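Chains, contacts and geometry: an overview
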Amino acid sequence: MSDHAVLHVKGRVLVGPEDVRDELWVVDGRVTYDRPAGAAVTVTGWALPGLVDAHCHVGLDQHGAVDDATSEKQALTDRAAGALLIRDAGSAADTRWIDDRADLPKIIRAGRHIARTRRYIRNYAHEIEPADLVAYVAREARRGDGWVKLVGDWIDREAGDLTACWPRGAVEAAIAEAHRLGARVTAHCFAEDSLRDLVEAGIDCIEHATGLTDDTIPLFAERGVAIVPTLVNIATFPSLADGGEAKFPDWAAHMRRLHARRYDTVRNAYDAGIPVFVGTDAGGSLPHGLVAAEVGELVKAGIPPVEALAATTWKARAWLGRPALEEGAPADLVVYGSDPRADVRALADPLRVVLNGQIVG
């Protein structure tokens with residue numbers, strides 16, 4: 001398809017969960033519902049806005065930053081899975097060159113992780129002490145695309161278990177500084193201990209959130225703090241626990257408990273009104289292209305299929321401030337052979353992927 005060809009998508013266009021139209025056109029890379037003159041290339045099926053992976057790491061593997069060629073492969077794998085909008089929740093690599101590539105997914109960056117000294121994966125984060133937190137948050141707020149990523153808890157080798165990384169006053173000052181600079185703040189949190197301080201300090205989102213309890217769920221709901229559960233990543237907790245049990249038995253037991261209740265945690269959060277979004281945590285130890293699997297995990301946790309779908313499409317895009325399939329929006333969409341509202345497993349097999357109006361898969 002040439003840069004100037006008109007694309008006609010017909011069948012069922014899911015502009016919203018209840019806003020279903022018969023067709024749309026793509027003219028000059030943008031969506032229109034007004035029939036243009038002339039011939040068009042036609043694609044038939046069930047069309048959705050490009051999927052959102054709201055916790056993904058392009059430019060990162062288990063050892064740290066990767067080169068541009070590897071970053072490109074990661075982005076292309078996500079694109080093939082239909083993930084056309086990525087919130088990159090921390091990367092040690094500079095991937096801003098991707099913004100100049102119309103054929104690669106759009107990325108909203110949170111800069112580089114900010115962690116406590118020796119309290120995170122080696123080569124991933126700025127590793128600092130609390131006195132420097134405000135300065136580093138300001139730096140990453142300026143580098144990112146409206147987000148900053150903290151590491152809220154991690155294993156404390158002296159305690160032998162997960163513990164909070166930051167004192168309350170430090171996170172209050174840091175989050176206030178990010179908000180002053182127009183950035184939202186999210187944090188990696190597995191355990192229970194750090195959550196109340198982070199939420200009461202004004203944080204906007206928590207990644208993983210396996211430590212949510214009946215005590216903190218109402219607080220999240222009251223403050224409107226979102227969670228990105230990354231259940232495809234939480235599935236690895238038992239193997240992590242097995243690997244660390246000999247040295248850190250308390251940590252291993254804790255990780256198994258968090259894993260065992262993971263579906264109840266997510267469902268209870270959803271039932272309480274906490275916004276839940278799809279994220280895979282790809283790019284660390286996990287491969288890219290898992291967005292359909294994560295939607296399936298949310299359904300398995302008890303979230304209604306249409307709501308799980310919204311968590312990677314309409315609601316996720318609105319949360320991130322990006323358009324879906326409204327008139328004039330960039331034509332980023334995925335076409336499927338069956339209705340994904342009826343069975344989210346359809347997401348695993350896209351018929352066509354359209355990015356910036358071009359058929360790319």
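A brief look at the structure comes next. (Residues numbered from 1 in each chain as written. Predicted model: local features only at pLDDT ≥ 70, side-chain atom pairs only at ≥ 80, totals over all residues. Heavy atoms only, no water.)

1. Considering the pairing of strand E2 (residues 20-27)
By the bridge criterion, six bridges tie strand E1 (residues 7-14) to E2 in an arrangement that is antiparallel. Considered in E2, the bridge of leucine 14 is made with valine 20. Linkage of E1 to E2, two consecutive antiparallel strands, is achieved through a turn of five residues. Where E2 lies against strand E3 (residues 30-32), three bridges are found, and the strand directions are antiparallel. Bridge pairing links valine 26 to valine 31 in E3. Connecting the antiparallel pair E2 and E3 is a turn made up of two residues, with aspartate 28 showing a positive phi of about 55°. (Pairing = 2+ DSSP bridges. Helix = DSSP H or I, 4+ residues; strand = E, 2+ residues; numbered from the N terminus.)

2. A look at the pattern of salt bridges
Side chains that carry opposite charge are capable of pairing whenever their charged atoms lie near each other. If you walk through the whole model with that rule in mind, you get 26 salt bridges. Residue glutamate 200 is joined to arginine 168 by a salt bridge in which the shortest nitrogen-to-oxygen separation is 3.1 Å. Here glutamate 200 is found in helix H4 (residues 195-200), whereas its partner arginine 168 is found in helix H3 (residues 168-180), with 32 residues between them in sequence. (Salt bridge = Lys/Arg side-chain N within 4 Å of Asp/Glu carboxyl O.)

3. Overview of the side chain of threonine 230
Along the chain, the position of threonine 230 falls in the loop between strand E17 (226-228) and helix H6 (231-234). A polar atom in the side chain of threonine 230 sits 2.7 Å from the side chain of histidine 208. When sequence neighbours within four positions are dropped, the list of residues in contact with threonine 230 reads His55, His208, Gly279, Thr280, Asp281 and Glu294. (Polar contact = N/O pair within 3.5 Å; in protein donor to acceptor, adjacent residues only side chain to side chain. Contact = heavy atoms within 4.5 Å.)

4. What about the layout of surface pockets?
Computed from the structure, the largest pocket encloses a volume of approximately 650 Å³. Along the walls of the largest pocket sit 27 residues, with Ile121, Trp154, Phe190, Leu240 and Trp251 positioned nearest its centre. If you list the elements that add at least two residues to the lining of the largest pocket, you get strand E13 (153-156), helix H7 (237-244) and helix H8 (249-260). In terms of residue class, the lining of the largest pocket is built from eleven nonpolar, eleven polar and five charged. (1 Å grid on protein atoms, 1.4 Å probe; cavity = no way out; pocket = protein on both sides within 12 Å on 5 of 7 lines; lining within 4 Å. Points joined across faces, edges and corners; volume = space filled by probe spheres on them. Nonpolar A, V, L, I, M, F, W, Y, C, P; charged D, E, K, R; others polar.)

5. Notes on helix H2 (residues 133-143)
Three- or four-residue spacings in an α-helix give side chains the same orientation, since the helix completes a turn every 3.6 residues. Within H2, burial applies to Leu133, Val137, Ala138, Glu140 and Ala141. Contacts from the buried residues of H2 go to strand E10 (114-116), strand E11 (126-128), strand E12 (147-151) and H3. (Buried < 20%, exposed > 50% of the residue type's maximum accessible area, 1.4 Å probe, protein only.)

6. Focus: the packing of aromatic side chains
Summed over the entire model, instances satisfying the criterion amount to six aromatic pairs. Summarising the aromatic geometry, the rings of phenylalanine 277 and tryptophan 319 are spaced 4.1 Å apart at their centres and angled 10° between planes, so their arrangement reads as stacked. Taken together, the residues span a long stretch of sequence, with phenylalanine 277 in the loop between helix H9 (262-271) and helix H10 (291-300) and tryptophan 319 in helix H12 (residues 314-320) at a distance of 42 residues. The two residues phenylalanine 277 and tryptophan 319 agree in class, both being buried. Through successive ring pairs, a cluster of aromatic residues spans Tyr120, Tyr124, Trp154, Phe190 and Phe237. (Phe/Tyr/Trp six-rings, centres within 6.5 Å; stacked < 30°, edge-to-face > 60°.)

7. Some remarks on the sheet that holds strand E18 (residues 333-336)
The strand order E3-E2-E1-E4-E18-E19-E20 describes an open sheet built from seven strands, whose pairing is mixed. The outermost strands of the open sheet, each flanked by one partner alone, are E3 and strand E20 (358-359). Examined bridge by bridge, strand E19 (residues 352-355) and E20 share two bridges and lie antiparallel to one another. For leucine 355, the partnering residue across the bridge sits in E20 and is glutamine 358.

8. What about H3?
Taking 1.5 Å of rise per residue, the 13 residues of H3 would be expected to cover 18 Å, and the 18 Å separating its terminal C-alpha atoms lies within 8% of that figure. Regarding H3, the residues found buried are Ala170, Val171, Ala174, Ile175, Glu177 and Ala178. The buried residues of H3 occupy one face: seen down the axis, they fall within an arc of 160°. Packed against the buried residues of H3 are H2, strand E15 (184-189) and H4. Glycine 182 sits one or two residues past H3 and shows a positive phi near 85°. (Expected span 1.5 Å × (residues − 1). Arc of directions from axis to C-beta.)

9. Looking at the environment of proline 249
Within the secondary structure, proline 249 sits in helix H8. Taking the relative accessible area as the measure of exposure, proline 249 reaches 45% and is therefore partly exposed. Counting along the chain gives 88 residues from proline 249 to aspartate 161, while the straight-line C-alpha distance between them is 8.3 Å.

10. With respect to the sheet that holds strand E8 (residues 83-88)
Strand order in this open sheet of three strands is E5-E8-E9, and the pairing throughout is parallel. Pairing within the sheet leaves two strands with one partner each, and these edge strands are strand E5 (51-56) and strand E9 (106-109). Across the sheet, the axes of successive neighbouring strands diverge by a mean angle of 20°, strand direction being ignored. For E5 and E8, the ladder comprises four bridges, and the chain directions are parallel. Within the sheet, the bridge partner assigned to valine 52 lies in E8 and is leucine 85. (Axes fitted to C-alpha atoms, helices over the stretch in contact; angles between N-to-C directions.)

11. Focus: the environment of lysine 106
As for its placement among the helices and strands, lysine 106 is situated in strand E9. For the pair lysine 106 and aspartate 332, spaced 226 residues apart in the sequence, the C-alpha separation amounts to 9.7 Å. Setting aside residues no more than four positions away along its own chain, lysine 106 makes contact with Leu84, Leu85, Ile86, Arg322, Pro330, Asp332 and Asn356. A polar side-chain atom of lysine 106 sits 2.8 Å from a polar atom in the side chain of asparagine 356.

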